[in-house]
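# Architecture at a glance
Take a look at the letters that make up each chain.
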Number of protein chains: 2
Amino acid sequence: MKRRAFLQAATLGAAAGTIAKPAIAQSNPEIRWRLTSAFPKSLDTLYGGGETFAKLVAEATDGKFIIQPFAPGEIVGTPQAADAIAAGTVEMGHTCSYYYVGKDPTFAIGTNLPFGLNSRQTNAWLYHGGGNELLNEFYAKHNLIALPAGNTGAQMGGWFRKEIKTVEDLKGLKMRIAGLAGQIMGKLGVVPQQIAGGDLYPSLERGTIDAAEWVAPYDDDKLGLNKVAPYYYYPGFWEGGPAIHMFINLQKWNELPKSYQAAMRAAAGYVNVDTQAKYDAKNPVGLRNLVSNGAQLRPFSQEIMEASLKAANEIYDDISAKNPDFKKIYDSYKAFRNEEYLWFQVAEYAYDTFMIRARARG
Amino acid sequence: MKRRAFLQAATLGAAAGTIAKPAIAQSNPEIRWRLTSAFPKSLDTLYGGGETFAKLVAEATDGKFIIQPFAPGEIVGTPQAADAIAAGTVEMGHTCSYYYVGKDPTFAIGTNLPFGLNSRQTNAWLYHGGGNELLNEFYAKHNLIALPAGNTGAQMGGWFRKEIKTVEDLKGLKMRIAGLAGQIMGKLGVVPQQIAGGDLYPSLERGTIDAAEWVAPYDDDKLGLNKVAPYYYYPGFWEGGPAIHMFINLQKWNELPKSYQAAMRAAAGYVNVDTQAKYDAKNPVGLRNLVSNGAQLRPFSQEIMEASLKAANEIYDDISAKNPDFKKIYDSYKAFRNEEYLWFQVAEYAYDTFMIRARARG
């Protein structure tokens, strides 16, 4: 209630019946928000993004705007976070848009689509390709607004108990994989499973499942899946550059002083680059650990990649035919991807190719 | 003087003899700074980074901390910017560390070294690999502190009047290329030239020079060099992921309220991701324009790349032997690069490779 009183004072431009305050205080109300993180504290890079965000906003507002991060389940579970934020039960969350594909498949595009944009291209589309505007037009229908606030880079394809070389090898395979990626794999004969991270080790050990995707070496190394499912495939083509977002209740966002909105936008940008940087700094260490502890690195075969791309495109066409929001945003995303790889294949790819080969030669 | 009075008030926690202010105002003093940009307004992505930064800081501080950007030469020229900031003539600048290699070659590493880290890896090193700490320890000796605030991604190798295939073809070539990149090319027989962007077209047209490097397609397209030097080489191995920085006078930074420092750190992070995103969104358009107007894309030959890498490593060893600051920071940078490409060659590179080939097949 205190927060609301301050907000009214700021909105009305008057002290609104409370103790008279100097004019300057009206634009710096004391506000306390809660942030529900979709990520367990064990995923310290992702959970830490919410903490870094809250700290920067608090510092930039001289301690006036305090946002307290909570782990999943402390206020609300990850699957319920979007609804809870939209309802105002919690003011904001740090989460992935694609967790909410059950509400509408259009939510998937906010994070990334399988065979979509890589990390840098995702930011290019969001900040300068119309992506943020298109997504926020859609999110507004759900009483939400989102700020990009993190990316993992291309993830790994996950852990398999046996080698898989052909699409035939995928038939009947029980794999922990969710969302559109699960639908794509389902088209190839995989039986998608929904299992929490903490249950992956025993499930793979007992053979309840045959495979599981998680994140990338830094996070994967914590789970020790290399001991029970040693074949470590790449790339995770369903997560070539997934964005993490700050989701915010739209009314509560609109009620904020402009200065607090600016502090949040700036802090989200910082967290965006900082999260990718932390993953990029930590993943090499995870990869070394995993390989020295028996992980067998394997690329997905061209056959599996191509069959998956075909299945993905069929799914996107099916959804587009039924869902105008998806179609509108997907058309922008797809056209942008075509342009991005036109350019990335030149200087960026040639540079990385030379550097990778030079490193291999020592 | 007004600014200083406010700062003292904030520092002393008292009104310091001026008109009594409410307590809250003491931590939000009115401050005006100037920012000298190293980039002409025609490089709108880079110059715009300074504007975006200033706008975010002003908004986040509720109009209390105003930073006004100036184009090169309006206050001080780009080559003199670091000295002017260190002296306090201008409070801060948006510039590239490697413009100041004449003061100390260690400045080069802040931006990037030829055959160094790519854009994401640069951020990984700066934010989570000890890079920011090492650089700021060095910059402090020059009375400066720096915040990463932009990257261009891998640049192009520039414009050549004739095709070059071998190191022999480089002998005697007059090329506009500066800094360590110029030294490397010099070892291969190139005669490095220093020419301003606006003079490149007539210099290439008249044959005063044979080649010129600039930035990447979006910026290069504005100069029209394709008409006078059609061979457009890649990658610009001397700029695989160059960082742009906000350089700030160290005393003036230390005198700022913590809230203004936080607003600047957050805004610099936002500008970092935003600048890279804008280049990535604009470069495909520039590339299409250039190729449709006669630019002939050519990769540097393996022979030229390898000879350049060898020359670069010799130069780094020479400088390291003489300059302990360079050696300390280069050793960190080099070890980090080795780790980064260990990881990037797996999921990230495999993903881009598949996507580039899938695009080529349609």
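Residues numbered from 1 in each chain as written. Chains lettered and ligands numbered in written order. Predicted model: local features only at pLDDT ≥ 70, side-chain atom pairs only at ≥ 80, totals over all residues. Heavy atoms only, no water.

## A short note on the UniProt feature "binding site: substrate" (unreviewed entry) in chain A
The criterion, for reference: UniProt positions are given in the numbering used here, feature names are shortened, and annotations may be inferred rather than shown by experiment. Secondary structure is summarised from DSSP: a helix means a run of H or I of at least four residues, a strand means a run of E of at least two, and numbering begins at the N terminus for each. We call a residue buried when its accessible area falls under 20% of the maximum for its residue type, exposed when it is over 50%, and partly exposed in between, using a 1.4 Å probe and counting protein chains only. Should any heavy atoms of two residues lie within 4.5 Å, those residues are counted as being in contact. Residues adjacent in sequence count toward polar contacts only when both atoms are side-chain atoms; beyond that, a polar contact is any pair of N or O atoms within 3.5 Å, and within protein one must be able to donate a hydrogen and the other to accept it.
UniProt's entry tags Gln155, Arg176, Glu213 and Glu239 of chain A with the feature "binding site: substrate" (unreviewed entry), counted in the numbering of this structure. Relative to the helices and strands, Gln155 of chain A is located in the loop between strand S4 (144-151) and strand S5 (158-160). On the basis of relative accessible area, Gln155 of chain A is assigned to the buried category, the value being 5%. If we ignore the near neighbours within four places in the chain, the residues touching Gln155 of chain A are Glu213, Trp214, Val215, Ala216, Pro235, Gly236, Glu239 and Pro242 of chain A together with Ala347 of chain B. A distance of 3.0 Å separates a polar atom in the side chain of Gln155 of chain A from a polar atom in the side chain of Thr152 of chain A. By secondary structure assignment, the location of Arg176 of chain A is in strand S6 (residues 174-176). What makes Arg176 of chain A buried here is its relative accessible area of 16%. If near-sequence neighbours (up to four positions away) are discounted, Arg176 of chain A is found in contact with Gln193, Ile195, Leu200, Ile209, Ala211, Ala212, Glu213 and Trp214 of chain A. Within polar-contact distance, the side chain of Arg176 of chain A engages the backbone oxygen of Ile195 of chain A at 2.8 Å.

## Remarks on the UniProt feature "binding site: Na(+)" (unreviewed entry) in chain A
Residues and elements named next belong to chain A. UniProt annotation of "binding site: Na(+)" (unreviewed entry) refers to Trp214 when read in the numbering used here. Position of Trp214 relative to the elements: it lies in the loop between strand S8 (211-212) and helix H9 (217-223). Leaving out residues up to four positions away in the same chain, Trp214 has contacts with Leu43, Gln155, Arg176, Gly197, Leu200, Asp219, Asp220, Leu223 and Glu239.

## Here's the deal with the pairing of strand S10 (residues 243-249) of chain A
All names here are of chain A. To keep things clear, this is the line we draw: For two strands to pair, DSSP has to find at least two bridges joining them.
Counting buried positions along S10 yields seven of seven residues, so the element is predominantly enclosed. Side chains Ala243, His245, Phe247 and Asn249 project from S10 onto one buried face, and the interleaved Ile244, Met246 and Ile248 project onto a second face that is buried too. Taken together, the four bridges between strand S3 (residues 92-95) and S10 define a ladder with antiparallel strand orientation. Following the sheet pairing, Met92 is matched in S10 by Ile248. Two elements, S4 and S10, share six bridges in a ladder whose sense is antiparallel. Paired with Ile145 across the strands is Ile248, a residue of S10.

## A word on the confidence of the model for chain A
The following threshold applies: Here pLDDT means the predictor's own confidence in every residue, given as a number from 0 to 100.
Of all residues in chain A, 93% have pLDDT values of 70 or greater, and the mean over the chain is 93. Taken together, the chains of this predicted complex give a pTM of 0.93 and an interface ipTM of 0.93.

## Brief notes about the relation of the copies chain A and chain B
Stated formally: Copy-to-copy superposition: least squares on the C-alpha atoms, limited to residues that have pLDDT of at least 70 in both copies.
Placing chain A over chain B gives an RMSD of 0.0 Å and needs a rotation angle of 180°, together with 0.0 Å of translation along the axis. Put plainly, the chains are arranged around a two-fold axis. Comparing contact sets, 100% of the residues at the interface of chain A also lie at the interface in chain B, consistent with an isologous, same-surface contact.

## Let's talk about the interface of chain A and chain B
The figure often quoted for interface size is the accessible area lost as the parts come together. Stated formally: Two parts placed together each lose some accessible area under a 1.4 Å probe, and the buried area is that loss summed for both. Should a side-chain nitrogen of Lys or Arg be within 4 Å of a carboxyl oxygen of Asp or Glu, the pair is scored as a salt bridge. Classification convention: Asp, Glu, Lys, Arg as charged; Ala, Val, Leu, Ile, Met, Phe, Trp, Tyr, Cys, Pro as nonpolar; all other residues, Gly among them, as polar.
Contact residues are listed per partner, giving 79 residues for chain A and 79 residues for chain B. Here chain A packs against chain B, burying approximately 7,400 Å² in sum over the two surfaces, 68% of which is carbon and sulfur. When the buried area of chain A at its contact with chain B is split by residue, Trp343, Tyr351 and Phe354 of chain A rank highest and sum to 10% of it. Applying the counting rule to chain A against chain B returns eight salt bridges. Across the salt bridge formed by Glu339 of chain A and Arg288 of chain B, the nearest N and O atoms sit 2.5 Å from each other. One can count 21 residue pairs in polar contact (both at pLDDT 80 or more) joining chain A with chain B. Of all elements in the fold, only helix H2 (44-60), helix H5 (119-128), helix H11 (258-292), helix H12 (302-322), helix H13 (324-344) and helix H14 (347-360) of chain A reach the threshold of two or more residues within the side of chain A that touches chain B. Per element, the largest residue contribution to the side of chain A that touches chain B is 21 residues, and it comes from H11 of chain A. Across the side of chain A that touches chain B, the residue classes break down as 42 nonpolar, 19 polar and 18 charged.

## Regarding the nonpolar core
We count it as follows: Side-chain atoms within 4.5 Å link the members of a nonpolar core, which is a set of buried Ala, Val, Leu, Ile, Met, Phe, Trp, Tyr and Cys residues.
Ranked by internal contacts, the top residues of the largest apolar core, which has 257 residues, are Phe53, Trp125 and Met264 of chain A together with Phe53, Trp125 and Met264 of chain B. The residues contacting Trp125 of chain A, other than those within four sequence positions of it, are Ile109, Leu117, Gly130, Gly131, Asn132, Leu134, Leu135, Ile329, Ser332, Tyr333 and Phe336 of chain A.

## Section: the environment of Leu35 of chain A
Residues and elements named next belong to chain A. Tracing the chain through its elements places Leu35 in strand S1 (residues 31-37). Assessed through its relative accessible area of 0%, Leu35 is described here as buried. Sequence separation between Leu35 and Ile75 is 40 residues; the distance between their C-alpha atoms is 9.0 Å. Setting aside chain neighbours within four positions, we find Leu35 in contact with Gly50, Phe53, Ile67, Gln68, Pro69, Phe70, Val90, Met92, Gly93, His94 and Met246.

## A look at the packing of aromatic side chains
Keep this limit in mind: Aromatic pairing here means that ring centres of Phe, Tyr or Trp (its six-membered ring) are within 6.5 Å. Orientation follows from the plane angle: under 30 degrees is stacked, over 60 is edge-to-face, and everything else is tilted. Charge-over-ring placement is defined geometrically: NZ (Lys) or CZ (Arg) within 6 Å of the ring centre, and within 35 degrees of the ring normal.
A full pass over the atoms with the stated rule returns 49 aromatic pairs over all chains. Considering the side-chain rings of Trp125 of chain B and Tyr333 of chain B, the 5.1 Å spacing of their centres and the 85° angle between planes classify their relative orientation as edge-to-face. Taken as a pair, Trp125 of chain B in helix H5 (residues 119-128) and Tyr333 of chain B in helix H14 (residues 324-344) lie far apart in primary sequence, 208 residues in all. We classify Trp125 of chain B as buried; its relative accessible area is 0%. Judged by centre distance (6.1 Å) and plane angle (85°), the rings of Phe160 of chain B and Phe300 of chain B are edge-to-face. Taken together, the positions of Phe160 of chain B in strand S5 (residues 158-160) and Phe300 of chain B in the loop between strand S11 (296-299) and helix H13 (302-322) put the pair 140 residues apart, joining distant regions of the chain. Summarising the burial analysis for this pair, Phe160 of chain B and Phe300 of chain B share the class buried. Among the aromatic residues, those joined into a cluster by ring pairs are Phe39, Tyr98, Tyr99, Tyr100, Phe107, Phe138, Tyr139 and Phe247 of chain A. Geometry around Phe70 of chain A places Arg34 of chain A over its ring, the cationic atom sitting 6.0 Å from the centre.

## Focus on the pattern of salt bridges
One pass over the structure, following the stated rule, counts 34 salt bridges over all chains. Among the ionic pairs, Asp280 of chain B bridges to Arg120 of chain A, the shortest N-O distance being 2.8 Å. Highlighted residues: Asp280 of chain B in helix H12 (residues 258-292) and Arg120 of chain A in helix H5, drawn from two different chains. Note that Arg361 of chain A is salt-bridged to Glu306 of chain B, the shortest N-O span being 3.6 Å. With Arg361 of chain A in the segment after H14 and Glu306 of chain B in helix H13, this residue pair bridges two chains. Exposure remark for Arg361 of chain A: the relative accessible area of 48% places this residue in the partly exposed category. Sharing partners across several salt bridges, the network here consists of Asp44, Asp219, Lys222 and Lys278 of chain A.

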